[in-house]
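Analysis of the macromolecular model
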Amino acid sequence: MKQKPTALITGGAGFIGSHLGDKLLGEGFEVLVLDNLSSGKLVNLSSGIEFIQGCTTDKNMAQKLVDKADTIFHLSAIASVQASHENWLETHRANQSSTVTLLDCITNTKRSRPQSFVLSSSASVYGNPKTMPISESEILSPLSAYAADKAASEYHVKIGSRIHNIRTSVLRLFNVYGPRQDTASPYSGVISIFASKIMNGEALTIHGTGDQTRDFIYVGDVAEYFYRANQKADANSQTYNICTGKSISINELSHIIADICETKIDVTHEPVRDGDILHSLGDNSRAISNLNYGPQTDMKTGLRHTIVT
Ligand SMILES: NC(=O)c1ccc[n+]([C@@H]2O[C@H](COP(=O)([O-])OP(=O)(O)OC[C@H]3O[C@@H](n4cnc5c(N)ncnc54)[C@H](O)[C@@H]3O)[C@@H](O)[C@H]2O)c1
């Protein structure tokens, strides 16, 4: 009987990682999740997933798990610009050293079957780009410690492919939304935060004018892209924008959510946060053509899934 492939997902108890776990289970993988539960939750994990509590920068722990895996999806991170400025060194370890730790484990593994590695990077590596929509060839210009660690992680992944012949892919995620997104995340949870405030009749806080735009993509589509990016991983280490190619403003977003919740909104404005970018719109043509998949979930449908769960 053919052996099931094994996937290790770091950060698999988090928002995106837990959806990826579900996708991989459905595709017949054995799924191992390494997570320190700093923001992830056990309740996010489906039955059938093997959970290991620990830190991705723990070399011994990481080596044992990497030795069992055919593929490593590296999603663990402290996904917050603010945290990366308040706890620079701690977030640097979680967001960059973790990548080197895992790649180093792959180079040291005793297993004979080749392994692949998929990095969850971020559109924040572009900073405020010169051209819009942003293509993957845009110059990287990180504006935060979080983005700097993502950019550097990407470079280490390329080194992993170039020097060690590791099969890799890099995904630059734009703004991902969907069920299980943590409202406590100030960086990634704008939709969950808005939805929860609107449903509780509280005022929304918008940083800046609200005219800033984002390219939001539904988490189910993102999980599909991770799966396909692993299938295409090779020593040429391709980088993909993971986005819809459409953007909406934060003001528009608040109105759509209010419509879905059938309520009026009250907004207070606060200063723009350090490191926040103004506009974000990705060019997803490479992902569509190379990974043979375009986002399937439109904004209103995705928001309904997110708000009713
Ligand atoms: N959500 C988005 O819109 C978005 C956008 C761009 C990039 N990303 C990236 O996608 C990945 C997943 O993000 P998410 O939104 O699911 O965030 P999340 O906070 O829900 O998930 C991150 C997970 O990593 C775990 N973790 C953190 N540090 C760890 C460590 N040192 N060892 C082990 N586990 C650790 C957390 O407990 C959590 O479960 C991250 O790498 C993030 O930077 C997310």
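Residues numbered from 1 in each chain as written. Predicted model: local features only at pLDDT ≥ 70, side-chain atom pairs only at ≥ 80, totals over all residues. Heavy atoms only, no water.

Take the pairing of strand E2 (residues 30-35) next. Within E2, five of the six residues are buried, which leaves it mostly tucked inside the rest of the structure. In this sheet, E2 lies alongside strand E1 (residues 6-10) in parallel orientation, the contact comprising five bridges. In the sheet register, Ile9 faces E2, and the bridge partner there is Val33. (Buried < 20%, exposed > 50% of the residue type's maximum accessible area, 1.4 Å probe, protein only. Helix = DSSP H or I, 4+ residues; strand = E, 2+ residues; numbered from the N terminus. Pairing = 2+ DSSP bridges.)

What follows deals with the sheet that holds E2. Pairing in this open sheet of seven strands is parallel, and the strands run E3-E2-E1-E4-E5-E6-E11 from one edge to the other. On the outer flanks of this sheet lie strand E3 (49-53) and strand E11 (238-242), each paired with one strand and no other. Going across the sheet, the axis of each strand differs from the next one's by a mean of 20 degrees, ignoring polarity. The sheet contact formed by strand E5 (residues 116-122) and strand E6 (residues 167-173) spans seven bridges and is parallel. If you follow Ser122 over to E6, its bridge partner there is Leu173. Lying over the sheet, helix H5 (residues 145-164) contacts E5, E6 and E11, oriented at roughly 155 degrees with respect to E5. (Axes fitted to C-alpha atoms, helices over the stretch in contact; angles between N-to-C directions. Contact = heavy atoms within 4.5 Å.)

This part takes up the packing of aromatic side chains. Under the criterion given, the structure shown has five aromatic pairs. Between Tyr126 and Phe174, the aromatic rings sit 6.4 Å apart at their centres with planes inclined by 40 degrees, giving tilted as the arrangement. Linking Tyr126 in the loop between E5 and H5 with Phe174 in the loop between E6 and strand E7 (175-177), this pair joins segments that are 48 residues apart in sequence. We note that Tyr126, like Phe174, is buried. Between Tyr177 and Tyr218 the ring centres are 5.6 Å apart and the planes differ by 65 degrees, which places this aromatic pair in the edge-to-face class. Taken as a pair, Tyr177 in strand E7 and Tyr218 in strand E10 (residues 216-218) lie far apart in primary sequence, 41 residues in all. Across this residue pair, the class does not change: Tyr177 and Tyr218 are buried. Here the aromatic cluster, defined as three or more aromatic residues joined through ring pairs, consists of Tyr177, Phe216 and Tyr218. The ring of Tyr227 has Lys23 sitting right over it, with the charged end atom 4.7 Å from the ring centre. (Phe/Tyr/Trp six-rings, centres within 6.5 Å; stacked < 30°, edge-to-face > 60°. Lys NZ or Arg CZ within 6 Å of the ring centre and 35° of its normal.)

Right, let's get into the pattern of salt bridges. One pass over the full model with this rule turns up nine salt bridges. Residues Glu27 and Lys23 are paired through a salt bridge, measuring 2.7 Å at the closest nitrogen-oxygen approach. Residue class for Lys23 comes out buried when judged on its relative accessible area of 18%. Across the pair Glu224 and Lys23 runs a salt bridge, and its minimum N-O distance is 2.8 Å. Taken together, the positions of Glu224 in helix H7 (residues 219-231) and Lys23 in helix H1 (residues 15-26) put the pair 201 residues apart, joining distant regions of the chain. Exposure class is identical for Glu224 and Lys23. Each is buried. Via salt bridges that share partners, Lys23, Glu27, Glu224 and Arg228 belong to a single interconnected network. (Salt bridge = Lys/Arg side-chain N within 4 Å of Asp/Glu carboxyl O.)

Taken N-terminus to C-terminus, the directions of helix H4 (residues 88-108) and H5 make an angle of 10 degrees; their axes are 9 Å apart at the nearest point. Relative to H5, the element H4 is oriented roughly parallel. Touching Trp88, Thr91, His92, Asn95, Gln96, Thr99, Val100, Leu103 and Thr107 of H4 are Ala145, Tyr146, Asp149, Ala152, Ser153, His156, Val157 and His164, all from H5. Looking at the contact of H4 with H5 residue by residue, the classes come out as seven nonpolar, nine polar and one charged. (Parallel < 35°, antiparallel > 145°, perpendicular 65-115°, else oblique. Nonpolar A, V, L, I, M, F, W, Y, C, P; charged D, E, K, R; others polar.)

Tracing the backbone through its elements, the reader meets Ser116 in strand E5. By relative accessible area, which is 2% here, Ser116 ends up buried. Only 2.8 Å separates the side chain of Ser116 from the side chain of Thr71, close enough to count as a polar contact. Those residues in contact with Ser116 that lie beyond four places of it in its chain are Asp70, Thr71, Ile72, Arg167, Asn230 and Ala233. (Polar contact = N/O pair within 3.5 Å; in protein donor to acceptor, adjacent residues only side chain to side chain.)

Relative to the 28 Å expected for 20 residues at 1.5 Å per residue, H5 spans 27 Å between its end C-alpha atoms, a close match to the ideal helical length. Listed in full, the buried residues belonging to H5 are Ala145, Tyr146, Ala147, Asp149, Lys150, Ala151, Ala152, Ser153, Glu154, Val157, Gly160 and Ser161. (Expected span 1.5 Å × (residues − 1).)

Within the element layout of this structure, Cys261 appears in the loop between helix H8 (250-260) and strand E13 (267-270). Judged by relative accessible area, which is 22%, Cys261 ranks as partly exposed. The contact partners of Cys261, leaving out residues within four places of it in the chain, are Ile198, Met199 and Ile307.

For the rest of this paragraph, the subject is the environment of Asn128. Assignment of secondary structure puts Asn128 in the loop between E5 and H5. In the structure, Asn128 is positioned 12 residues away from Leu140 in sequence and 9.4 Å away in space, judged by C-alpha atoms. At 3.2 Å, the side chain of Asn128 forms a polar contact with the backbone nitrogen of Leu278.

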